[in-house]
Structure formats: C-alpha cells, structure tokens
Amino acid sequence: MKKAEMVIQTSLRKGGTDPIFKIAGQANIQIKKCGPEAVINSTIGALMDDNGELVTFKAVYDTLKALPNALIANYAGLAGQPDYLEKVVEACFRDCKPEGHIRAVATPGGTGAVRHAFCNYTELGDTILITDWHWAAYETIADDNHRKIATFPLYNEAGTFNLAGYKKSVLELLEKQKRVLTVLNTPAHNPTGYTISDDEWKEIKSFITETAQAQPNSKIILLIDLAYIDFAGEGDDARQFMKMITGMPHNVLPLYAFSCSKSYTMYGLRNGAIICVAPTEEIATEFANSCTYSNRGNWSNGTRGAMETITKIYSNEELFNQAMAEQSFYKAILRKRAAAFVEEADKIGLKMVTYRDGFFISLPCDHPKEISDLLMEKNTFVVPLGKGLRFAPCAVSEEKCRRAPQLILQAMKEVGDC
Ligand SMILES: Cc1ncc(COP(=O)(O)O)c(C=O)c1O
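In this report, we go over the structure that sits alongside the text. Being a predicted model, the structure only gives us computed values, none of them experimental.

The rules behind the values
- Residues numbered from 1 in each chain as written.
- Predicted model: local features only at pLDDT ≥ 70, side-chain atom pairs only at ≥ 80, totals over all residues.
- Heavy atoms only, no water.
- Helix = DSSP H or I, 4+ residues; strand = E, 2+ residues; numbered from the N terminus.
- Buried < 20%, exposed > 50% of the residue type's maximum accessible area, 1.4 Å probe, protein only.
- Contact = heavy atoms within 4.5 Å.
- Lys, Arg positive; Asp, Glu negative; His and termini not counted.
- Charge placed at Lys NZ, Arg CZ, Asp CG, Glu CD.
- Pairing = 2+ DSSP bridges.
- Axes fitted to C-alpha atoms, helices over the stretch in contact; angles between N-to-C directions.
- Salt bridge = Lys/Arg side-chain N within 4 Å of Asp/Glu carboxyl O.
- Parallel < 35°, antiparallel > 145°, perpendicular 65-115°, else oblique.
- Left-handed = near helix turned anticlockwise from the far one by under 90°.
- Nonpolar A, V, L, I, M, F, W, Y, C, P; charged D, E, K, R; others polar.

Helix and strand counts for the protein chain stand at 13 helices and 12 strands. For the protein chain, the C-alpha atoms occupy an extent of roughly 60 × 55 × 55 Å along the three principal directions. For the protein chain, with 418 residues in total, the buried portion stands at 57%. Sequence separation of at least 24 residues holds for 73% of the intrachain contacts in the protein chain that already meet a minimum separation of 6. Once the 46 positive and 50 negative side-chain charges of the protein chain are each reduced to a mean point, those two points are 5 Å apart.

This is the structure:
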C-alpha cells in the first residue's frame, strides 16, 4: 500500500464504494430505466416486499412514533436502559434461556456486539477464528481493531458443519495464543443460510469442554452471532441449542451478538446487545463492566427510542403478539421464496452450498466477478464474493426467485464455470 500522507500508516484505507452498494446502485439505475419487473435485484441484505419496498413492522414503528419526544431524544444509560437490558435477554433467548449468569450490555446493532467481543476478549494482534464463507465486516472489525482473522472451511464433504476443521483450527490457535475467540454465525448464516444443528452443537460443546479441561490456562470465547435468528426454524426450534451452551469449564465463555436490525426491521436505528452466559457472577460482572466501559469509549450511549420500543413490545402482550405475527408472516414469505429458488436450482443442477434458512443463498464458483458482471447485462444483480455468488431471497419476489437459477446457470456456462 502507498505511504500515508497524514493518517497513520495502519489507518490508510483504499476508499471507494463498498462493492455491494456499488452493484445495488447499478441495479437501481436499471430499475429506473426498465421498470422493477424487468430487474432482479438480489443485492440487498434487508427484507423487501414483492414490490421492492423495505418491509417495516407496524408494531415497531407505531410504537416508536407514539413515544413521547423525551423518550426518543434523551440519552440512554451507558450500559443501556435497565428495562431494555431485561427485555433484550428475553428477546434473545425467549423460552430457551440457558442456566448461568446472564448479563446484557446494549450495543448499536450486532456490529457493536462483535466489536466489543473482539476487543475485550482477544489481545491486540491475536487471531480470531471465523468460517471461510463469512460476513465481510468481521474482517473489517478485526482489522480496524488490530486483530487478525483465520478461517476454517464451514462445510465438510457432506455439506454439513466441518467439525474436524473447526477442531483443528481451534487447537492450532491455542498453541500460538493463550486464548481463542471463535465466531459462529448461526442460525441462518450470512451468506450461506447454514444453521448448525443441535447434534452438531452437542459435538462442539464436547470438544470445547474437553479442550478447556485439558488446557486449564487457556481461555475459549464462543461468540454466537444471531443476526438472523428470527428468520430461522419454526417457533423456538432455532433457539433450542441455547439451553445446551452452558455448564462448561470456567475458562469457556459463551457470548451472543444480538441484533434488532433484521428481527425488528430496525436496521438504521442501531440497536442490539452483547449478552454473556457466564459460569460465575464474577465473570458476568467483569463482562458488564468492560463492555459498558467500551460503550463509553466508542459511541457512548445507544439509541434510546429504539430501546424504549423493544421494551414496550416486550411489556405488552397485545403488542408483542402483533410483532410476532409480523415476524412470522414475513418469515413464511422468505421461506417460500428460498424454497422456490432451491427447488428450481435443484431441478436444473445449479450447485448451492447447504442452505437451511435465512436471507441469503450461496452458489460456489470460481469466477464470481465475471458471472456477476455478465448477469448485470441481463438485469440480474447478484453479489460476487470470494468463494461464489450471494443471492438474496430476502430482497426478491418468489416469482423472481424461481426465475433466477436458470439465468445464473446460463451465465456460469457462458463463463465456463460449471
Ligand atoms: C452476519 C451478520 N452479523 C451481524 C450483523 C449486524 O448487523 P447490525 O449491526 O445491523 O445489527 C449483520 C448485518 O448485516 C450480519 O449479516
């Protein structure tokens, strides 16, 4: 990289538009030119209705807009409003609350939670373990905070969780550093839609327990990124694993990055929490103190009106039922869209990595950029990633989800990539 002029060398950045936003911008130009029907815009990581409009939950926005101005305008407590902190734990675990010393600290979305986990639970220069298919921001958050990233392949040959690869990487890192933080983005992983099954969780837990016992001077931090949880499984199915992730040796700490962005259509309101399920009260208090301090040192308080809205929804049965009904309604739409894409892809032999639930489906290929460029010429906008293409059923109608696989396969054939 070139030499910095005024910023310090490690803060010198390339600049330019994020590639996803760039493609999204091109899709919008085409929509203006040719009309929404002619364009498949699967670049957006937010839930859109069939007309391409952002979905917003009425229960959320009626509540927010009915708040007295002072409850929107005022500062929130540094750790988050106390009643919000209680309710966000409910929103995270619902009926699957694990045993343990649970504490929450409000953060601006799941991003803030990931940041606090990285900075408070790894040393400067440490390497953090993530999956090969991953949300690109993990790398940015790590890099911006002078941490490194190592990856292991998410899938084994059967297309399920690659436990052997996970074990190998955890053990390798523990040989190099005193502590290891692993990020598991599940259920409904971004960008693949993979969900770690309860049986796989059982094996992860046994491995972590044995490793922590064998290496009592090490620290193992399990960061579970739940950004898409409310669009996975039926009822509380996707939360069952949570009851299991506790009762491990005292040198293991499970942390949850909870986000209101997708679950409550609060993307821009920047609301979430980092939650610990600590084995002792001391570890829980230490967690709360360190993450509250980090709030002060980074963004101070969170968004008061967003916290008040969640608190109200979780304090009023009727409102809660309305919010849950809206979540379920859109979850069902998302599932129908994804099912249409998967069915069509299977029919024509378009290869996908295992998809279970959620906003995104990934298609492995060797020339993602070339295929994405070619698809753009056909008014189909799909995000190229390092290991393939990301299609977003969250943003595209069922009819377009059914149409897209053939277009993608055709483009892959033209590029010679299938
Ligand atoms: C995997 C993953 N984790 C966390 C987040 C955090 O989102 P937010 O900070 O808006 O809550 C996102 C958002 O796109 C995500 O895709």
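Moving on to the sheet that holds strand E11 (residues 383-384). Ordered in space as E9-E12-E11, the three strands form an open sheet in which the pairing is antiparallel. Taken across any chain shown, the strands that pair with only one partner, and hence form the sheet edges, are strand E9 (361-364) and E11. Relative to strand E12 (residues 388-391), E9 runs antiparallel, the two being bridged by four bridges. Note on E12: the bridge partner recorded for isoleucine 361 is phenylalanine 391. Seen against the sheet, helix H13 (residues 398-415) touches E9 and E12 and runs at an angle of roughly 165° to E12.

What follows is about the pattern of salt bridges. Per the stated rule, a full pass over the model turns up 20 salt bridges. One salt bridge in this structure joins glutamate 234 and arginine 335, with 2.7 Å as the shortest N-O distance. With glutamate 234 in the loop between strand E6 (219-225) and strand E7 (252-259) and arginine 335 in helix H11 (residues 317-348), the pair connects residues that are 101 residues apart, well separated along the chain.

Here we come to the packing of helix H2 (residues 58-66) against helix H10 (residues 304-313). Relative to each other, H2 and H10 sit at 120°, their axes nearing to 9 Å. Regarding the angle of H2 to H10, the classification is oblique. Between H2 and H10 lies a crossing whose hand is right-handed. When H2 is examined against H10, the residues Ala59, Val60, Thr63 and Leu64 are found in contact with a partner set consisting of Gly305, Ala306, Thr309, Lys312 and Ile313. For the contact of H2 with H10, the class distribution of residues is five nonpolar, three polar and one charged.

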